[in-house]
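Fold and contact review
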Amino acid sequence: MFPEDRKEGSPRFGKLHFPVGLWINSPKKRLAKMSRRWPSAGSVRSTSSDTASRGSETVELRPPSKTKPSRHKRLSNLFHRSGAGTGAASAGGRWASEKKLAELVDPVPEVLVGGEQPPGQRQLPGILKIFGGDISRGANYKSVLATPRSTARQLVREALERYGLAPEEGTSGEYVLCDVVGRPGGPGGAWQVEHLRPVGDAERPLVLQDVWKPKTGCSRRFEIRRRQEVERVCEGEDAETAGINAQARRLQKSRSRAASGGPAPPKERADNLSLRRSISDMNLSTKRRRERKTVLSVAGGEAGTPTTDEGPPETPPGEGAAGEEEVGEGAGLEQLSQCLIQPPQQHPYFLLLQGYGKQDFVIYVMTRPQHVFGRPERRGVPEKTGGCLVDTFLNAPDILPRHCLVRAAEAGADTAASPPTATVRPFRGAPVTHNGAPLLRQAPLNPGDLLGLGQHFLFLYKDPRGAAEGSPTPRPPWLPHAWPSPGLVGALGCPGCGRSPQERQEALRSCLESPRPELRYRPQEEEVLLREIVRLPEGCGTGAGMGALAPAFLLGLCLEHAARAFPPERFPALLSRVALLVKETVWEKIKEIGDRQPENQQDAAPAALSMEAVVADLRPLMLWLANAMELLNLAQGRVLELEKELELEGPCQELTGDLETCDEAMGVLDEVIMSTFQQSVYYLTKTLYSALPALLESNPFSGTGEPSAGQDLGSVPEGVRPTLAVYQAALELTRDCQLHPDLVSQTFGYLFFFSNASLFNTLMEKGSAGPFFQWWRAVRIRTNLDLVLDWLTGLGLGDIAGEFFRKLSATANLLCTPRSCLSKATWARLRAEYPALSPAQLHHVLSHYQLGLGRPPPPAWSPPPEEREQVASGDIFESFSEHPPLLLPSQGFRLRPGEPLAEEGGLLRPLCRLRRLLWDLEQEREREQEPEPEREQSSLPANQRPRARQVTP
């Protein structure tokens, strides 16, 4: 049954997401009318090419029967069309599979694998289902006619034509036919692939499926896939197989090396020497060992002949004493050859200094840009999916399955300014040391560095690619420094570094006053430091550059220090603590501002707050709004690094838990931003509410001269001055607090939205109450509104104001229209000229407009019948709930981590103040831990203390 013959109500037809016209216009519809017995050649949803009638195969070749017309005769009736049945449609072209029977049936029989065909029997064509999930979604297949002589390349071209792709040379070469063995058992009956093999272009699929049957419970189907994807999968499987074989070769070499004391025939000695090596094939040269015959002969003379429990080894006939001498020499040669290891010259490598067992190699070579150390998974433990593949397996109890990752330096990226360096990073929870110090995160790895894995393995990293011949070897960083001279400087100086007290004092002063954005502290001073930082907005100056953002800057430095110097699990806990501390501080500020409001004052009569008092109350909220936004951006940068680590390491419970903790902390910061923004615009709109009505009632022409909107508020009319004063105070407040530009725009967008809605609703109410919609009143409103817009344009806010004051401006323009012109206008014309007004609002203005005494509204102002329902049910007032949403910015932040601080920037002074605070705390804790006699000396006056203790900034 063809897809185009299915009815519209068929449930199978509803699953095919193709336009109906494609099925109706399909030229295959004529074939369906001629023979209903022919199987479908269209797209049919299926999970396998098997059917109940055909068993486990796609094609069934039956010999001709005497009682029934043969299948190829029915095919000939289908494909040999008569001249009357073709018509004009067949002249336009034929489908590629609609060929004559002579083209489908082999003229010369072939000998198949199963045996020779009877003479005179022709090989019949079959139907091959080719699934094309990569071409058409939904696991659809196309039926293609094929013979045992049809090659995979021909079937790919036929299938591409069926899927609507032009079978050009370039297109057909991009796809390959795959032999897929699997079973239907996935979710929803999906096909589960167990084995996939690309079929060669010259192979014959019908012969292939007839000879090789899948195992019981599985079935076969042919799929057409993109060649590039199939090759990528095969390369991954080859790489995995190569890794397994390489590990097996290493184990074989280690076993043969352990048994290298036995005798070996003389003619196999070279082979044994090459097999019993301690590293890979590329690092040992059999030719060089053969050239050292003198050394090897001396070592062979000292070696004895091993014996076994059954007796001495048998001597081959005809060799005699010479054979015994060769046997003894061979044992010594093998033992000495394992000591003649030539390190590689084109690859970095690790030299083992301390191992765990006898099966460890001496040199581990990096053959890939990255090298992963790990432990083989125990039996019964599922392996981790995703992440990096392990290159070197180390058998020790404290080695994790993925322990350490080393990235080699790029060989061709050497420059004089920044020479390339390798990097090393531990996986989460892996004990790693770098030059004796614990390694918690990624660090540079230089040649000569010591790398310790766990408690047993110690490696020396070497990279021979960048070292020139004759160049001096740099001093290893793990070597101890020379002791100072036993003079006065050495006696008064630090025994560890050899610096005098004056040098230490200068180093301390430079550390405390350094412009580098760095804040070092110990975990025990963390809580005191955080509480000192959150108290900064109470006394920080807002006129000193970036000083208003000092809390976010300093908290960001604390997060950076924790991520760099503390264990990895410390950063999520610190970020959560910082977010909760900021939330508590902001909540206290919001409560204090609410208690100072006039409506909450019980002992005095409520009085409106001045603009100066409102700005003073809102300053802490606006400061925390700006700092919380900058702090959220700094935290997101660190969280992105954690997400990259999770992608690199694969599934890791510790990393997943840390990311969840960070997400909760950033959610708290989002809540702080929303709360501070809402409270700030609430108190600003509350002040605007009492100043806006003057724009509708005041006369801008009452003063001397023409009204103008200068930057000085004293030059604007009195009715406009209170509203502009609120806008100006809000703008100065956002600038002083260094608020993000996007948040500044959204703050004024909300203020303009409230001003437009409040003025428009007041105008609608006054028009309903009395004769307010008059031309002379509209001129005053239009003038006041123009003064406000011109003043805002001078501040750079004209675009935002013009967008939100659109409805009020349209209403003022309508009312300012001369009466003679307005009385001649029609409803359709007014709707086209003032689209900002809804039908109900436009009808309300026109119905209450004062044309003159006793003049009713003209009939042309009446709405048409199709809009009368909207006029009757529409709301004439603007809703305050349809305010614009708050969108957090993603770029344009003011704080840039890593840049040096300037003296006039406003951030260096609070940083130096916190450094001195931390120094005092460290000195105080050291004095508390000192013994009693030394504590008494420290309490003496400065001029009576020992000179060695005078190390103060």
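Fair warning: this is a prediction, and the values are worked out from it, not measured in the lab.

We now examine the overall build of the chain. Check the secondary structure of the chain and you find 32 helices and 17 strands. In the chain, buried positions account for 42% of the 953 residues. When contacts within the chain are restricted to residue pairs at least 6 apart in sequence, long-range pairs at least 24 apart make up 69% of them. Here the chain has roughly 52,300 Å² of accessible surface; of this, 53% comes from carbon and sulfur atoms.

Where helix α18 (residues 570-595) contacts helix α20 (residues 653-691), the two axes come as close as 9 Å, and the packing angle between them is 20 degrees. In terms of orientation, α18 lies roughly parallel with respect to α20. Considering only the axes of α18 and α20, their crossing is left-handed. Class assignment of the residues belonging to the contact of α18 with α20 gives a composition of 16 nonpolar, 6 polar and 3 charged.

Moving on to the state of the cysteines. Enumeration according to the criterion identifies 0 disulfides in this entry. Here Cys178 stays unpaired: no disulfide links it, and the sulfur of Cys234, its closest cysteine neighbor, is 7.9 Å away.

Turning next to unusual backbone geometry. Not every positive phi belongs to a glycine, and Asn435 is a case in point at roughly 55 degrees. Among the structural elements, Asn435 can be located in the loop between β13 (432-434) and β14 (437-438). When its relative accessible area of 22% is taken as the criterion, Asn435 is described as partly exposed. Backbone geometry places Gln738, a non-glycine residue, at a positive phi of 55 degrees. Within the secondary structure layout, Gln738 lies in the loop between α22 (721-736) and α23 (741-769).

This brings us to the nonpolar core. Residues Tyr727, Phe748, Phe752, Phe805 and Leu830 are the most contacted members of the largest nonpolar core, which totals 132 residues. Ranked by residue count, the leading element in this core is helix α19 (residues 611-649), at 18 residues. Setting aside residues up to four positions removed in sequence, Phe752 forms contacts with Tyr727, Leu792, Leu797, Ile800, Ala801, Phe804 and Phe805. Core analysis: the next-biggest nonpolar cluster, separate from the first, contains 24 residues, Tyr364, Phe373, Val406 and Ala408 among them.

This part covers the sheet that holds strand β12 (residues 422-426). Read from one edge of the open sheet, 5 strands run β10-β9-β11-β12-β15, paired in mixed fashion. On the outer flanks of this sheet lie β10 (392-393) and β15 (443-445), each paired with one strand and no other. For strand β9 (residues 370-374) and β10, the ladder comprises 2 bridges, and the chain directions are parallel. Its bridge partner lying in β10, Gly374 is registered against Phe393. Sitting on the sheet, α19 is in contact with β11 (404-407) and β12, with an inclination near 85 degrees to β12.

To continue, consider a negative patch on the surface. Taken together, the side chains of Glu643, Glu647, Glu660, Asp663 and Glu664 make up a negatively charged region of the molecular surface. Those elements that place two or more of their residues in the negative patch are α19 and α20. With 3 residues, α20 is the largest single contributor of residues to the negative patch. Locating Asp663 in the fold gives a position in helix α20.

Geometry of an aromatic ring pair is reported as the spacing of the ring centres plus the angle between the planes. Under the counting rule described, the total for this entry stands at 16 aromatic pairs. Plain terms: the ring middles of Phe361 and Tyr364 are 6.1 Å apart, the flat faces sit at 80 degrees to each other, and that makes the pair edge-to-face. Aromatic side chains Tyr849 and Trp861 sit 6.4 Å apart centroid to centroid with 75 degrees between the ring planes, which places their arrangement in the edge-to-face category. Here the residue Tyr849 occupies a position in the loop between α29 (839-847) and α30 (865-873), and Trp861 occupies one in the loop between α29 and α30, the gap between them amounting to 12 residues. Overall, the relative accessible area of 6% leaves Tyr849 in the buried class.

So, about the sheet that holds strand β16 (residues 450-453). Spatially, β8-β7-β17-β16-β13-β14 is the arrangement adopted by the 6 strands of the open sheet, whose pairing is antiparallel. Looking at strand neighbours, the two that pair on one side only are β8 (363-365) and β14, the edges of this open sheet. The pairing of β13 with β14 spans 2 bridges and is antiparallel. In the sheet register, His434 faces β14, and the bridge partner there is Ala437.

Let us now look at the pattern of salt bridges. Tallied over the entire structure, the rule returns 34 salt bridges. The salt bridge partner of Glu194 is Arg183, with a shortest N-O separation of 2.9 Å. Placement of the pair is Glu194 in strand β5 (residues 191-198) and Arg183 in strand β4 (residues 175-184), with a sequence separation of 11 residues. Note on Glu194: relative accessible area 43%, which makes it partly exposed. Salt-bridge contacts for Glu513 lead to Arg916; the nearest nitrogen and oxygen are separated by 3.4 Å. Here Glu513 is found in the loop between α15 (501-512) and α16 (526-534), whereas its partner Arg916 is found in helix α31 (residues 908-929), with 403 residues between them in sequence. Overall, Glu513 belongs to the partly exposed group, its relative accessible area being 43%. Each of Arg425, Arg428, Glu645, Glu649 and Asp658 takes part in salt bridges that share partners, so that together they form one network.

Once that is clear, we can look at the confidence of the model for the chain. With 65% of its residues at a pLDDT of at least 70, the chain reaches an overall mean of 74. pLDDT under 50 marks residues 256-330. Its contacts with residues more than four places away, or in other chains, come to 86 contacts. Contacts of residues 484-493 to residues separated by more than four positions or lying in other chains number 10 contacts, the stretch itself having pLDDT below 50.

A word on the environment of Phe893. Tracing the sequence through the fold places Phe893 in the loop between α30 and α31. Its relative accessible area of 9% is what places Phe893 among the buried residues. Here the alpha-carbon distance between Phe893 and Asp742, two residues 151 residues apart in the chain, equals 9.5 Å. Those residues within four positions of Phe893 in sequence are excluded, and the remaining contacts are Met629, Glu630, Asn633 and His740.

Among the 8 residues of strand β6 (residues 219-226), 6 are classified as buried, and the element is accordingly described as predominantly covered. Pairing of strand β2 (residues 126-131) with β6, which is carried by 2 bridges, proceeds in the parallel orientation. Each bridged residue has a counterpart across the sheet, and for Phe131 the counterpart in β6 is Glu223. Across 8 bridges, the pairing between β4 and β6 is antiparallel. Considered in β6, the bridge of Tyr175 is made with Arg226.

A few words now on the environment of Leu669. By the secondary structure assignment, Leu669 is in helix α20. A C-alpha to C-alpha distance of 9.8 Å links Leu669 and Leu625, two positions 44 residues apart in sequence. Beyond its immediate chain neighbours, meaning those up to four positions away, Leu669 contacts Ala579, Leu631 and Leu632.

Relative to the assigned elements, Ser745 resides in helix α23. A residue is classified by how much of its surface remains accessible, and Ser745, at 33% relative accessible area, is partly exposed. In sequence terms Ser745 and Ile800 are 55 residues apart; their C-alpha atoms lie 7.6 Å from each other.

Next up on the list: the packing of helix α26 (residues 806-816) against α29. Contact pair α26 / α29: the axes reach a minimum separation of 11 Å and the direction vectors enclose 30 degrees. With respect to α29, the axis of α26 lies roughly parallel. Pair α26 / α29 crosses with right-handed handedness. Contact with α26, carried on its side by Lys807, Thr811, Leu814 and Leu815, involves Gln841, Leu842 and Val845 of α29 and no other residues of that element. When its residues are assigned to classes, the contact of α26 with α29 shows 4 nonpolar, 2 polar and 1 charged.

The rules we used
- Residues numbered from 1 in each chain as written.
- Predicted model: local features only at pLDDT ≥ 70, side-chain atom pairs only at ≥ 80, totals over all residues.
- Heavy atoms only, no water.
- Helix = DSSP H or I, 4+ residues; strand = E, 2+ residues; numbered from the N terminus.
- Buried < 20%, exposed > 50% of the residue type's maximum accessible area, 1.4 Å probe, protein only.
- Contact = heavy atoms within 4.5 Å.
- Areas by Shrake-Rupley, 256 points an atom, 1.4 Å probe, with all protein chains shown as cover.
- Axes fitted to C-alpha atoms, helices over the stretch in contact; angles between N-to-C directions.
- Parallel < 35°, antiparallel > 145°, perpendicular 65-115°, else oblique.
- Left-handed = near helix turned anticlockwise from the far one by under 90°.
- Nonpolar A, V, L, I, M, F, W, Y, C, P; charged D, E, K, R; others polar.
- Disulfide = S-S within 2.5 Å.
- Core = buried A, V, L, I, M, F, W, Y, C linked by side-chain atoms within 4.5 Å.
- Pairing = 2+ DSSP bridges.
- Patch = residues over 30% accessible without salt bridge, like charges linked within 9 Å, V, L, I, M, F, W, Y side chains within 5 Å.
- Salt bridge = Lys/Arg side-chain N within 4 Å of Asp/Glu carboxyl O.
- Lys, Arg positive; Asp, Glu negative; His and termini not counted.
- Charge placed at Lys NZ, Arg CZ, Asp CG, Glu CD.
- Phe/Tyr/Trp six-rings, centres within 6.5 Å; stacked < 30°, edge-to-face > 60°.
- pLDDT = per-residue confidence, 0-100.

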